[in-house]
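Each chain is listed here by its residues.
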Amino acid sequence: MQIDIFLQSIVTLANAAFLTIALTVPSLVIGFVISVPLAFMRASDSRYLSSAILAYTYVVRGTPLLVQLFLIYYGLGQIDVIRHSPLWVLLRDPFWCALLAFSLNSAAYTTELFRGAIQAVPRGLVEAAEAVGMSRLQQARLITFPIAFRAALPSYTNEVIGLLKASSLASTVTLLEITGVARRLVSETFAPYEIFLAAGVIYLALTYLVTSVFRLLERHLAGAEPKVARETAMLSLRRISP
Amino acid sequence: MTPSDLDRPGCDDVAALRVEGLEKSFGNYPVLRGVTLTAHRHEVIGILGSSGSGKSTLLRCLNLLELPNRGRMWVLGERLKLREAVNGRGGAILDRRQIQRVRASLGMVFQSFNLWPHRTILENVAEGPTHVLRQSRREAIGVAEHYLAQVGLADRRHHYPHHLSGGQQQRAGIARALAMEPAVLLFDEPTSALDPELTGEVLKVIRSLAEEGRTMLLVTHELAFAREVSTRAAFMHDGKIEEEGPSRQLFLEPASERLRRFLQSHY
């Protein structure tokens, strides 16, 4: 292995990581925003509402992301209505196509994830919210979702990591994110070993960042431990100092 | 109408809570078969009966956690807008806002506490006043601290529910109900999920509320306690109120053979 090629690729690929992040983070945010209402609809007692959402999640989760990306990137351009619509400005750009595909994909997985967590919230906790006279929206916003989200957080971290890595598929529609740049470097230098190893290291670093952030978030949301621990610590301090 | 309206003269005849001909079935199994009950102001009504007699379902119907199939209900003289069940189509709430408003005036204390685990005790109690009664944050915290002090949990207010004992959790549950300044308090077997040595502290709080003259409906297996705090008692059997009357009379001179046997075996 040639160390200098490896180190040089690390620097080049670290720059490409910005595009990976620019694809992943907005997709996650959009996916999250879409998935919360969808998850409540999916968990609702109305069978029509629930199965309409199931149709969406079933199709998206049942087909490869690469196929979805190709359908959007190559497929949408075949439809005249879209070619002549103002949306075409965005949809002929591979970045927006990838963002759309990733967002819809992430929304589907996150919807099912949150749906399970919402249904697992103990009935009595929701009844307690009903009993104080909260509206349905208040019940969802103040009680059901915060409890469900805390329970779903470890699995949601998985979804975030999954999408981060799946964003490498954007290289197939000409985008020069980490994998795209790596492939180009390989074709220029014929040193696939060093370069893909460097790409792997960058992904690993990003994943480490994600898991650290979510571990902090988990600890923060669990709340109980730090808050009480702090109080007990203060109490024992008081006990020490006269 | 708010609870304070009731204290105006001329309003004496308005019952805090009244149900007529309440019926409820789960599937084809009837749980309530026509219950009529009135709770006047300052009354403490003990609801007795063996398991499966429908007493918990009755309580849950009163604040619409269960939808009755049939029957009329009034809270502070206001008739609740409900649709009766017809031909397999279940009953329904016709005016959700009215029900939310009414629920806010009926404090519910659950058998399994049902404190929200992601909120501290203080936040649990302040949540209703903040979001339902729309009090300012400062005001709601003040109310919450007041009632937490009343149930003896002032020093635990920043703890999360799972750091408290069952008895403490139930007292917090009572404070959460009180913070809404309800016209009627509904207790659904408040000590059934507690270890015997923890029931005392909860019963003490409930007793002090009875002494304050609060209107309460109390479903309980603690017959001695029910006899002590309730002004009236109702004995339920098979989805109906079998016997009802002043608490003393019901316990000392039960009219029905069934109540006599129930008291002999449980009390």
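Residues numbered from 1 in each chain as written. Chains lettered and ligands numbered in written order. Predicted model: local features only at pLDDT ≥ 70, side-chain atom pairs only at ≥ 80, totals over all residues.

### Some details on the overall build of chain A
Check the secondary structure of chain A and you find 11 helices and 0 strands. Tracing chain A from N to C terminus, the helices and strands come up as α-α-α-α-α-α-α-α-α-α-α. Since a compact globule built from 242 residues should have a radius of gyration of about 18 Å, the 23 Å found for chain A marks it as more spread out than a globular shape. Taking all contacts inside chain A whose residues are at least 6 apart in sequence as the whole, residues at least 24 apart take part in 77%. (Helix = DSSP H or I, 4+ residues; strand = E, 2+ residues; numbered from the N terminus. Rg over C-alpha atoms; globule rule 2.2 N^0.38 Å. Contact = placed C-beta atoms within 7 Å.)

### A closer look at the overall build of chain B
Broken down by element type, chain B carries 9 helices and 12 strands. The C-alpha atoms of chain B give a radius of gyration of 18 Å, which matches the 18 Å a tight globule of 267 residues would have. Taken over the C-alpha atoms alone, chain B extends approximately 50 × 45 × 40 Å along its principal axes.

### A closer look at the sheet that holds strand β8 (residues 106-109) of chain B
Residues and elements named next belong to chain B. Across the sheet, 6 strands lie side by side as β8-β9-β10-β3-β11-β12; this open sheet has mixed pairing. Two strands in the sheet have a free side with no partner beyond their single neighbour: β8 and β12 (240-246). Averaged over all neighbouring strand pairs, the angle between strand axes comes to 15°, with direction disregarded. Pairing analysis gives 6 bridges linking strand β11 (residues 232-237) to β12, with the strands arranged antiparallel. Counted as the bridge partner of Ala 234 is Glu 244 from β12. Sitting on the sheet, helix α5 (residues 166-178) touches β8 and β9 (184-188), and the angle it makes with β8 is about 170°. (Pairing = 2+ DSSP bridges. Axes fitted to C-alpha atoms, helices over the stretch in contact; angles between N-to-C directions.)

### A short note on the nonpolar core
If you look at the biggest cluster of nonpolar residues, it comprises 132 residues, and the most contacted ones within it are B:Val125, B:Ala175, B:Val184, B:Leu186 and B:Leu217. The biggest single contributor to this core is helix α6 (residues 94-120) of chain A, with 11 residues. Setting aside chain neighbours within four positions, we find B:Leu186 in contact with B:Leu59, B:Leu62, B:Asn63, B:Leu106, B:Gly107, B:Met108, B:Val109 and B:Leu217. (Core = buried A, V, L, I, M, F, W, Y, C linked by C-beta atoms within 7 Å. Buried ≥ 20, exposed ≤ 12 C-beta atoms within 10 Å, placed from the backbone.)

### Comments concerning the interface of chain B and chain A
Counting from both sides, the interface comprises 23 residues of chain B and, opposite them, 21 residues of chain A. Contributing elements (two or more residues each) for the side of chain B that touches chain A: α2 (96-104) and α3 (121-131) of chain B. At 4 residues, α2(B) tops the list of elements feeding residues into the side of chain B that touches chain A. By residue class, the composition of the side of chain B that touches chain A is 9 nonpolar, 11 polar and 3 charged. (Nonpolar A, V, L, I, M, F, W, Y, C, P; charged D, E, K, R; others polar.)

### Side note on the sheet that holds strand β1 (residues 17-26) of chain B
Residue and element names in this part refer to chain B. One open sheet holds the 4 strands; their spatial order is β2-β1-β4-β5, and the pairing between them is antiparallel. Bordering the open sheet on either side are β2 (29-39) and β5 (78-79), each of which pairs with just one other strand. Across 5 bridges, the pairing between β1 and strand β4 (residues 70-75) is antiparallel. Counted as the bridge partner of Glu 23 is Arg 70 from β4.

### Brief notes about the environment of B:Gly245
All names here are of chain B. Mapped onto the secondary structure, Gly 245 falls in strand β12. It is 24 Å that separates the C-alpha atoms of Gly 245 and Met 108, two residues lying 137 residues apart in sequence. Gly 245 has contacts with Arg 232 and Leu 250, leaving out every residue within four places of it along the chain.

### Topic: the pairing of β9(B)
Residue and element names in this part refer to chain B. Of all the 5 residues making up β9, 5 are buried; the element is thus mostly covered by neighbouring parts of the structure. Neither face of β9 is exposed, since Val 184, Leu 186 and Asp 188 on one face and Leu 185 and Phe 187 on the opposite face are all buried. Taken together, the 4 bridges between β8 and β9 define a ladder with parallel strand orientation. Its bridge partner lying in β9, Gly 107 is registered against Leu 185. Sheet analysis places β9 next to strand β10 (residues 215-219), joined by 5 bridges and oriented parallel. In the strand pairing of β10, Phe 187 is matched with Leu 218. Regarding topology, helix α6 (residues 196-211) serves as the crossover connection from β9 to the parallel β10, and that connection is right-handed. (Right-handed = clockwise from strand over helix to strand, strands pointing away.)

### A word on the confidence of the model for chain B
Of the residues in chain B, 95% reach a pLDDT of 70 or more, and the chain-wide mean stands at 91. Contacts of residues 1-11 of chain B to residues separated by more than four positions or lying in other chains number 10 contacts, the stretch itself having pLDDT below 50. (pLDDT = per-residue confidence, 0-100.)

### What about the environment of A:Ala151?
Of note, A:Ala151 is situated in helix α8 (residues 136-166). Along the chain, A:Ala151 and A:Arg184 lie 33 residues apart, while their C-alpha atoms are 42 Å from each other.

### A short note on the packing of helix α2 (residues 47-61) of chain A against α6(A)
Residues and elements named next belong to chain A. Between α2 and α6, the least distance of the axes is 9 Å, while the angle of their chain directions is 120°. Relative to α6, the element α2 lies oblique. As for the relative orientation of α2 and α6, their crossing is left-handed in sense. Contacts from Ile 53, Tyr 56, Thr 57, Val 60 and Arg 61 in α2 reach Leu 104, Asn 105, Ala 108, Tyr 109, Thr 111 and Glu 112 in α6. (Parallel < 35°, antiparallel > 145°, perpendicular 65-115°, else oblique. Left-handed = near helix turned anticlockwise from the far one by under 90°.)

### A few points about the packing of helix α9 (residues 178-189) of chain A against helix α10 (residues 192-222) of chain A
Residue and element names in this part refer to chain A. Running from amino to carboxyl end, α9 crosses α10 at an angle of 165°, the nearest separation of the two axes being 9 Å. By the angle between their directions, the pair α9 and α10 is classed as roughly antiparallel. In the crossing of α9 with α10, the sense of the turn from one axis to the other is right-handed. Of the residues in α10, those in contact with Ile 178, Thr 179, Ala 182, Leu 185, Val 186 and Thr 189 of α9 are Pro 192, Ile 195, Phe 196, Ala 199, Ile 202 and Tyr 203. Split by residue class, the contact of α9 with α10 holds 10 nonpolar, 2 polar and no charged.

### Considerations on the confidence of the model for chain A
Residue and element names in this part refer to chain A. Across chain A, the average pLDDT comes to 90, with 92% of residues at or above 70. Confidence, read as mean pLDDT per element, is least for helix α11 (residues 224-240) in chain A (47) and greatest for α6 (97). Low pLDDT, under 50, characterises residues 224-230; the predicted model gives this stretch 6 contacts beyond four residues in sequence or across chains. pLDDT under 50 marks residues 232-242. Its contacts with residues more than four places away, or in other chains, come to 0 contacts.

### Considering unusual backbone geometry
Residue and element names in this part refer to chain B. In this structure, Leu 64 is a non-glycine residue whose phi angle is positive, near 65°. Note on placement: Leu 64 falls in the loop between α1 (55-62) and β4. Given 21 C-beta atoms within a 10 Å radius, Leu 64 is considered buried. Backbone geometry at Leu 76 places phi at a positive 50°, although glycine is not the residue there.

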